[in-house]
Amino acid sequence: MAKKISRRSFFNRSLGLSAGALLTGRKGLSLTAGPGRIPLIVTSHTNDTGKKAMEAGWKVLLDGGSAVDAIEKAANIIEVDPEDTSVGYGGFPNEEGVVQLDASIMDGKTYNAGAVACLENIKTPSSVARIVMERTDHVLLVGQDALRFAVKWGFKEENLLTEKTRIAWLRRKEMMSDTDDWGPPDHLKDLEKKDAGNVPEVPPHGTTNVLAIDGDGNIAGITTTSGLGNKISGRVGDSPIIGAGLYVDNEVGAAGATGRGEDVIKSCASYYIVLRMKDGRSPEDACLDAMRMIIDRYKKINPNFFPSEKFVAINRKGEVGCAYMKGRTPRMSIRHSGGYSIHTGTVAFPD
Ligand code: ASP
């Protein structure tokens, strides 16, 4: 049975940490990220579903549940949202029109981790990843074997394609090239052109990271995604790769990534962020350090290179931070004893 923690002791603990954090006066602590508080749950999602997920995860923490329980509860809410085209059910399919999901989970107390990649037909890949972590001696299961494993554990097979993503996928296929046999045929071309604006040039992609610290100071994280829309069938992104899309260490904190997975894998970005926090950097500064590291490497090879990652991180004091490459505002949802809020992070390279 999870032990229940009273609201008062949460509040006291939060206040104690806030005061301590403010006294240290470290850069990045008070102005952008706010004073640290534990327990705490955060996600890179800032829409209504992200908020619902935070409230549900927070309830788990408030009832004395573990960080692992809280992040799973929160991630599942985002995964089953049919309107979200970047995570779980309703995620944008690969080039064959098949939704293939990637997810990982890590427990900072034990350093145990579990992950699934290219998982089809299961709405909640992060829960399958949790079973890999807790009920096997492996870390990563892939494809049809991951599906077989999930079914053995009682997960229901379901079609993950919604009407919205099926139609968007077909329209994209039709509009991609004039030199294949997909439509629109000549007599419909003019008619269809006016709709073409609805077909995104870059197929949709996205991910969610959920990170939490429970009342015992244990830290855990999940990263879950449908990956890059229109990806080659079988492509695995950073989300299920421990150290790339997610890393958690109870002694330090946790970090997660969204954005183009190939860049994140090649830079082991989440592990790097946790190492930077270990060296005393605030979560936000550590996210910026990872941006700088990626840019410095790849710009040498290609001056026009500009990756599009967003990183989120928390440290063991309950401080938070996030950073985005450029173009979009880096935001993350936070829930702690002070309520729900959205933290706006730093744009790494505004120009
Ligand atoms: N990181 C994800 C992937 O590469 C996609 C995203 O977050 O946009 O699979």
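Everything discussed here concerns the structure shown above.
Residues numbered from 1 in each chain as written. Predicted model: local features only at pLDDT ≥ 70, side-chain atom pairs only at ≥ 80, totals over all residues. Heavy atoms only, no water.

A. A look at helix α4 (residues 125-135). For α4, the buried fraction is high: 9 of the 11 residues fall into the buried class. Among the residues of α4, those classed as buried are Pro125, Ser126, Ser127, Val128, Ala129, Arg130, Ile131, Val132 and Met133. At its buried positions, α4 is contacted by α3 (67-79), β2 (101-107), β3 (112-119), β4 (140-142), α5 (143-152) and β6 (219-225). (Buried < 20%, exposed > 50% of the residue type's maximum accessible area, 1.4 Å probe, protein only. Helix = DSSP H or I, 4+ residues; strand = E, 2+ residues; numbered from the N terminus. Contact = heavy atoms within 4.5 Å.)

B. Local environment of the pairing of strand β10 (residues 320-324). Among the 5 residues of β10, 5 are classified as buried, and the element is accordingly described as predominantly covered. Across 5 bridges, strand β9 (residues 310-315) lies against β10 in antiparallel orientation. By the bridge assignment, Val312 is partnered in β10 with Cys322. Where β9 folds back onto β10 in an antiparallel hairpin, the turn is made up of 4 residues, including Gly318, whose phi is positive at roughly 90°. Note: β10 against strand β13 (residues 346-347), 2 bridges, orientation parallel. Paired with Tyr324 across the strands is Val347, a residue of β13. (Pairing = 2+ DSSP bridges.)

C. Local environment of the site of the ligand. Every residue lining the ligand is accounted for by His205, Gly206, Thr207, Gly227, Leu228, Arg235, Gly237, Asp238, Thr258, Gly259 and Gly261. Contact between the ligand and Arg235: an oxygen atom at 2.7 Å from a side-chain N or O atom of the residue. Note that a nitrogen atom of the ligand is positioned 2.7 Å from one of the side-chain N or O atoms of Asp238. Protein coverage of the free-state accessible area of the ligand, which is 270 Å², stands at 99%. Residue composition of the shell around the ligand, by class: 1 nonpolar, 8 polar and 2 charged. (Near = heavy atom within 4 Å. Polar contact = N/O pair within 3.5 Å; in protein donor to acceptor, adjacent residues only side chain to side chain. Areas by Shrake-Rupley, 256 points an atom, 1.4 Å probe, with all protein chains shown as cover. Nonpolar A, V, L, I, M, F, W, Y, C, P; charged D, E, K, R; others polar.)

D. Here's a closer look at the pattern of salt bridges. Counting across every chain of the model gives 17 salt bridges. Among the salt bridges present, the one from Lys59 reaches Asp63, with a minimum N-O distance of 3.0 Å. Here Arg171 makes a salt bridge to Glu174, at a shortest N to O gap of 3.4 Å. With Arg171 and Glu174 both in helix α6 (residues 163-176) and 3 residues apart, the pair spans about one turn of that helix. Look at Arg171 and you get buried, because its relative accessible area is 16%. You can call Glu174 partly exposed: its relative accessible area is 24%. Taken together, the shared-partner salt bridges connect Asp69, Glu72, Arg130 and Glu134 into one network. (Salt bridge = Lys/Arg side-chain N within 4 Å of Asp/Glu carboxyl O.)

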